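An overview of the molecular structure
Listed here are the chains, written in short residue letters.
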Amino acid sequence: MMLRGSQLLRQQFRKQKGKVDLKTSFTRTTAFNRSSKERLMTSDGDLVLGRGKIRKRAHDVLKQEISEMEHPAIWMWYPWRKNPEPPQPFFPQRRALKNLHGAVYSELSPMQRKRQEEMLFGINLDESRQTNFEQKHPFMSSVLKSMEGKPKGFPFWYKKYPTRHHAYENRFNIPAEMLDGYPEHVKKAVSKQMMTVREKRLAQEAKYTERYAKHDFDTTSHAVVAVRRALACRNMRNHLLTHPHNNVVKTLLGRKEHSLKRALRKLRKVDFAAYWDIIRDHDVQDMIQPPNAVSYRWGGYWMYDWNAGLGISTNISDFMDPRGLNGCVETGRSRSEVARDLGLTVTRPLLPHEKKQLELTSTYYEKLAKFKAEQPEAARQQERQRFIRKFSGMFVKMNRKASVADFPSKHRRLLGVKVLRWKSKRHGPS
């Protein structure tokens, strides 16, 4: 009796646990294994049920264990191989995945992983698109609001999606407003959850392109090029983590990382805020670092800006506080004390010509306004003279101090290009 009671209890316990008793089931056990879906944990801790099935091979578990082992210094024999593998006492391995500068990566960084999951499991729309549409086209947005949920006879949303890339929340770039009035199965067929990975990738690219584009049809400005390359790099890297032997993609990734580095160097001088945003959002710090100290000091690292025609152009001063760059005359504080009191960390002593320039620009408009207010006639006279002088000059005034005469031949290293010169002891005077 006692034994039978314990058997009953055991059966009840099994049922409560929700385990299937495989002995009593009439289907083959492999059917259960086949139907098990993949479960993924995102970096935010959400559990996502993948729609793909797990495919397991006999050696998957063994390979997993071996990859997690720390330094197997033994001759390992896999049953599906002919010979045992000799121990490999060097880390990282010869064919480990490396970035442009040879730094090994074994997984995506947390920020890149977040972006990857955002691409796969949910594209968050930027609110700015809706608000911009409401501000610029109030009539059309009000009409759309009044007809919400009903089929529309005229595309009142056509200004909201100026290019096909703007409508990326549904498949085939179908605007959400267009689907109003359609049955549920149609909506589901073109919804986000039915997108292929390629479509999701293009949608994320469109999202970031839209964020950094100067106008609706902009695909070539520095920020857009840089952000698209950053996304492509992350996707290739993610692909290589699951297909580590794909040497073609390794080559392509190297090229793409190189061009991303160039795009970022260019962007740094053109729009520093966007540059820093992209680095922060997509975690491409390792791209912008010089490969080593030698090339940083002596190589072409700093030459790139000059060769790209961006030698002296940056708008850093727009958002790096220039107040911490000077001492304070009234309180007698030094430059570093002013910076300390303002809570600034990134400052340096100004060069004399920078100080002079700052003082001139800070007082110029005040002086000009004062002059115009006090002596309006003299100001007008000055403007007339300047206007005439602008058109009546015979030659441009040149001063030797400001620029070097014959710059390309004096500073050939700076140009980074070999200039062909016909200079010889025999031919001609020069």
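Reading the values: the criteria
- Residues numbered from 1 in each chain as written.
- Predicted model: local features only at pLDDT ≥ 70, side-chain atom pairs only at ≥ 80, totals over all residues.
- Heavy atoms only, no water.
- Helix = DSSP H or I, 4+ residues; strand = E, 2+ residues; numbered from the N terminus.
- Phe/Tyr/Trp six-rings, centres within 6.5 Å; stacked < 30°, edge-to-face > 60°.
- Buried < 20%, exposed > 50% of the residue type's maximum accessible area, 1.4 Å probe, protein only.
- Core = buried A, V, L, I, M, F, W, Y, C linked by side-chain atoms within 4.5 Å.
- Contact = heavy atoms within 4.5 Å.
- Salt bridge = Lys/Arg side-chain N within 4 Å of Asp/Glu carboxyl O.

**Regarding unusual backbone geometry**
Even without glycine at this site, Phe172 takes up a positive phi of about 60°. Tracing the sequence through the fold places Phe172 in the loop between helix H6 (138-146) and helix H7 (184-189). Residue Asp283 is not a glycine yet carries a positive backbone phi of 55°. Looking at the secondary structure, you find Asp283 in the loop between helix H11 (272-282) and helix H12 (285-288).

**Notes on the packing of aromatic side chains**
With the rule as written, the count across this model stands at nine aromatic pairs. With centroids separated by 6.1 Å and ring planes inclined at 35°, the aromatic side chains of Tyr275 and Trp276 adopt a geometry described as tilted. On the basis of relative accessibility, which here comes to 6%, the residue Tyr275 falls in the buried class. Its relative accessible area of 43% is what places Trp276 among the partly exposed residues. Centroid distance Tyr301 to Trp302: 5.0 Å. Interplanar angle 90°. Geometry classified as edge-to-face. Tyr301 sits in the buried class, given a relative accessible area of 14%.

**Notes on the nonpolar core**
The biggest cluster of nonpolar side chains holds 27 residues, and the ones touching the most others in it are Tyr212, Leu260, Leu264, Leu267, Tyr275, Ile278 and Val284. The leading source of residues in this core is helix H9 (residues 222-242), at nine residues. Leave out the neighbours within four places in its chain, and Tyr212 touches Ser221, Ala223, Val224, Val227, Ala274, Asp277, Ile278 and Asp281. If you look at the next biggest cluster of nonpolar residues, it comprises eight residues, including Phe133, Phe156, Trp157 and Ala167.

**Here we look at the environment of Val270**
Residue position: Val270 is located in helix H10 (residues 247-270). Between the C-alpha atoms of Val270 and Leu310, which are 40 residues apart in sequence, the distance is 8.0 Å.

**Digging into the pattern of salt bridges**
Tallied over the full model, the rule gives 23 salt bridges. Here Lys160 and Glu177 are joined by a salt bridge, their closest N and O atoms 2.7 Å apart. Of this pair, Lys160 sits in the loop between H6 and H7 while Glu177 sits in the loop between H6 and H7; the two residues are 17 residues apart in sequence, bridging distant segments of the chain. Like Lys160, the residue Glu177 is buried in the burial classification.

Everything listed here is a matter of geometry and, on its own, says nothing about what the molecule does.
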